[in-house]
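# Report on the structure
For reference, the chains in residue letters:
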Amino acid sequence: MEQFNTDQLSIYLEKFYELAIAYTPKLILAVITLIVGLRLIRLVTKGMEKLMDKNGMDVSLRPFLKGMLSILLKAVLVISVLGMIGIEMTSFIAILGAASLAIGMALSGTLQNFAGGVMILVFKPFKVGDYIEAQGYSGSVKEIQIFNTILSTPDNRRIIIPNGGLSTGSMVNYSAEEKRRVDFVFGIGYDDDIDKAKEVIRSVAQSHDKVLADPEPFIAVKELADSSVNFAVRLWVNAADYWDVHFYMNEMVKKEFDKQNISIPYPQTDVHIQKVD
């Protein structure tokens, strides 16, 4: 029995030595190829990034194309390394196909996000730098990645939105048009002069150099409310100047109304108490 075990062990050791002698050079070469290949891929992707920057390519496309190129090159490198070791590529590809199907079913949401990223980059509903509102969030687009879009809010929060829902859901792009309209509602008392109030509002609007003359400002009585006469004021500005004009008008109209003794009424409730004997 001991002789049998010794013989078997000798056979196994002999086969191990044979395999080691046969495959060690291949393993060493494969490891060297993998290391060198990864470094080359890093250099290629950096070179591609510089080339895209030099050619002025849309910044929205750069992270996506860089990521895709890196993934494809790494996949080719892994297949090449496995072939160098001696793994049969036909069998490997068949196994890879079956594994890809299973992984695809398990990661259907991730694949949806990938498809969404492609749709966003093809149809360009927004680009890097645009201010958008989607999926219950709003902010400036900082980066469009393969699976996600990164937003930055005005208070410097980072928001990550999956591309799947972003490409199929409703979205508001506040930066898509060059000009935007700023709407206001200003109220005056019933005893105040309507024409005087309109002239004050128009004067304030014209005093801001970022309010466009064409289309010209629109000022008109919107409604006769319960306690005030309300004006609808509509001003056109360049999209980047929206909030400057918004805050300026609210502050300066109040100050000018005070100077001109034009009242800004607020809701009041009269309570009558009847004494019952």
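To be clear, the structure that these remarks concern was listed above.
Residues numbered from 1 in each chain as written. Predicted model: local features only at pLDDT ≥ 70, side-chain atom pairs only at ≥ 80, totals over all residues. Heavy atoms only, no water.

### Things to note about the environment of Arg-181
Locating Arg-181 in the fold gives a position in strand E6 (residues 179–188). Each C-alpha atom of the pair Arg-181 and Trp-236 lies 4.4 Å from the other, and the pair is 55 residues apart in sequence. Beyond its immediate chain neighbours, meaning those up to four positions away, Arg-181 contacts Arg-234, Leu-235, Trp-236 and Tyr-242. A polar contact is formed between the side chain of Arg-181 and the side chain of Asp-183, at a distance of 2.8 Å. (Helix = DSSP H or I, 4+ residues; strand = E, 2+ residues; numbered from the N terminus. Contact = heavy atoms within 4.5 Å. Polar contact = N/O pair within 3.5 Å; in protein donor to acceptor, adjacent residues only side chain to side chain.)

### Thoughts on the nonpolar core
By size, the foremost hydrophobic cluster in this structure holds 22 residues, and its most contacted members are Ile-201, Val-233, Leu-235, Met-249 and Phe-257. Broken down by secondary-structure element, the contributors of at least two residues to this core are E6, helix H6 (194–207), strand E8 (229–238) and helix H7 (242–259). The contacts of Met-249, once residues within four sequence positions are left out, are Phe-184, Phe-186, Ile-201, Val-204, Ala-205 and Leu-235. Membership of the second largest hydrophobic core comes to 13 residues, among which are Phe-64, Leu-121, Ile-146 and Ile-161. (Core = buried A, V, L, I, M, F, W, Y, C linked by side-chain atoms within 4.5 Å. Buried < 20%, exposed > 50% of the residue type's maximum accessible area, 1.4 Å probe, protein only.)

### As for the pairing of strand E2 (residues 137–144)
Pairing of strand E1 (residues 131–134) with E2, which is carried by 4 bridges, proceeds in the antiparallel orientation. When the sheet's bridge partners are listed, Ile-132 is paired in E2 with Gly-139. (Pairing = 2+ DSSP bridges.)

### Digging into the packing of aromatic side chains
When we look at a pair of aromatic rings, we describe it by the centre distance and by the angle of the planes. Scanning all chains against the criterion turns up 5 aromatic pairs. Both rings, one in Phe-114 and one in Phe-147, keep their centres 6.3 Å apart while their planes meet at 50°; by these two values the pair is tilted. Highlighted residues: Phe-114 in helix H4 (residues 108–123) and Phe-147 in the loop between E2 and strand E3 (148–152), separated in sequence by 33 residues. For Phe-147, a relative accessible area of 33% corresponds to the partly exposed category. Three or more aromatic residues joined by ring pairs make a cluster, and in this case those are Tyr-242, Trp-243 and Phe-247. In this structure, Arg-180 packs its charged tip against the face of Tyr-242, placed 3.9 Å from the ring centre. (Phe/Tyr/Trp six-rings, centres within 6.5 Å; stacked < 30°, edge-to-face > 60°. Lys NZ or Arg CZ within 6 Å of the ring centre and 35° of its normal.)

### Thoughts on the sheet that holds E2
Taken in spatial order, the 5 strands line up as E4-E3-E2-E1-E5 in an open sheet, and their pairing is antiparallel. Whereas interior strands pair on both sides, the edge strands pair on one side only; in this sheet they are strand E4 (158–162) and strand E5 (171–173). With strand direction ignored, the average angle separating the axes of adjacent strands in the sheet is 40°. The pairing of E2 with E3 spans 4 bridges and is antiparallel. (Axes fitted to C-alpha atoms, helices over the stretch in contact; angles between N-to-C directions.)

### Here's the deal with the pattern of salt bridges
With the rule as written, the count across this model stands at 8 salt bridges. Ionic pairing is found between Lys-210 and Asp-241, a salt bridge with its closest N-O pair at 3.9 Å. Here Asp-241 lies in the loop between E8 and H7 and Lys-210 lies in the loop between H6 and strand E7 (218–224), a separation of 31 residues in the sequence. When the shortest N-O distance is used, the salt bridge between Lys-255 and Glu-251 registers 2.8 Å. Linking Lys-255 with Glu-251, this pair stays in helix H7, spanning 4 residues, or about one helical turn. Overlapping salt bridges bring together Lys-210, Asp-241 and Asp-244 as one network. (Salt bridge = Lys/Arg side-chain N within 4 Å of Asp/Glu carboxyl O.)

Interpretation in functional terms is not warranted from these geometric data alone.
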